[in-house]
Amino acid sequence: MARFVLSLHTPPSDHDTTQRIVKFAHACLAQGHSVDAIFLYQNGIYHASTHFELASDELNLSSLWQQLADKNINLMLCVTAAEKRGLDMQNTGVFAVAGLAEFAMLASEADKWIQFK
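Residues numbered from 1 in each chain as written. Predicted model: local features only at pLDDT ≥ 70, side-chain atom pairs only at ≥ 80, totals over all residues. Heavy atoms only, no water.

Description of the pattern of salt bridges
As a reminder, the rule being used: The term salt bridge refers to a pairing of a side-chain nitrogen on Lys or Arg with a carboxyl oxygen on Asp or Glu at a separation within 4 Å. Secondary structure elements are taken from DSSP: a helix is a run of H or I of four residues or more, a strand is a run of E of two residues or more, and numbering for both begins at the N terminus. Exposure is judged per residue with a 1.4 Å probe applied to protein chains only, and the accessible area is read against the type maximum: over 50% gives exposed, under 20% gives buried, and values in between give partly exposed.
The final tally for this structure, using the stated rule, is one salt bridge. Between aspartate 36 and arginine 3 there is a salt bridge, with its nearest N and O atoms 2.8 Å apart. Of this pair, aspartate 36 sits in strand 2 (residues 34-40) while arginine 3 sits in strand 1 (residues 3-8), and the two are 33 residues apart along the sequence. Here arginine 3 falls in the partly exposed class, since its relative accessible area comes to 33%.

And the structure:
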């Protein structure tokens, strides 16, 4: 079976892309593949913000990310992108702070790296 690494580049307000990456990750797991990591990059880092609030009738992002974390998917965010955007690095929820080097290592070991933009 294949090993995937996924990266998300869009903010939480882009529900379509968020739903695509989450559904893709679940589909991979359901078919016996593995998702080694989901890496938040560029404006995707805002998914880790505890200060980003969406209306109650919108997509429950924290629940979606928690479901993936519960399936032992490594959820990571780019430290450089987060610092540039002023993200509180002490409160990133289920996301681990990581560098591009860590992401590059994971991507090089995976069978496929897929970007969601």
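The discussion continues.
Examining unusual backbone geometry
Non-glycine residue glutamine 42 carries a positive phi angle of around 55°. By secondary structure assignment, the location of glutamine 42 is in the loop between strand 2 and helix 2 (61-70). Located in the positive-phi region is asparagine 72, a residue other than glycine, with phi close to 65°. Note on placement: asparagine 72 falls in the loop between helix 2 and strand 3 (74-78).

Regarding the sheet that holds strand 1
Heads up, the rule is: Should DSSP find at least two bridges between two strands, the strands are taken to pair. Axis definition: a line fitted to C-alpha atoms, limited for helices to the stretch in contact. Angles are taken between N-to-C directions and run from 0 to 180 degrees. In this analysis, two residues are considered to be in contact whenever any of their non-hydrogen atoms come within 4.5 Å of each other.
Spatially, 4-3-2-1-5 is the arrangement adopted by the five strands of the open sheet, whose pairing is parallel. Here the strands that pair on one side only, and so sit at the sheet edges, are strand 4 (96-98) and strand 5 (112-116). In this sheet, neighbouring strand axes are inclined to one another by 30° on average, regardless of whether the strands run parallel or antiparallel. Bridging between strand 1 and strand 5 involves five bridges; their strand directions are parallel. Residue pairing across strands places phenylalanine 4 opposite lysine 112, the latter belonging to strand 5. Here helix 2 sits on the sheet in contact with strand 1, strand 2 and strand 3, set at roughly 125° to strand 3.

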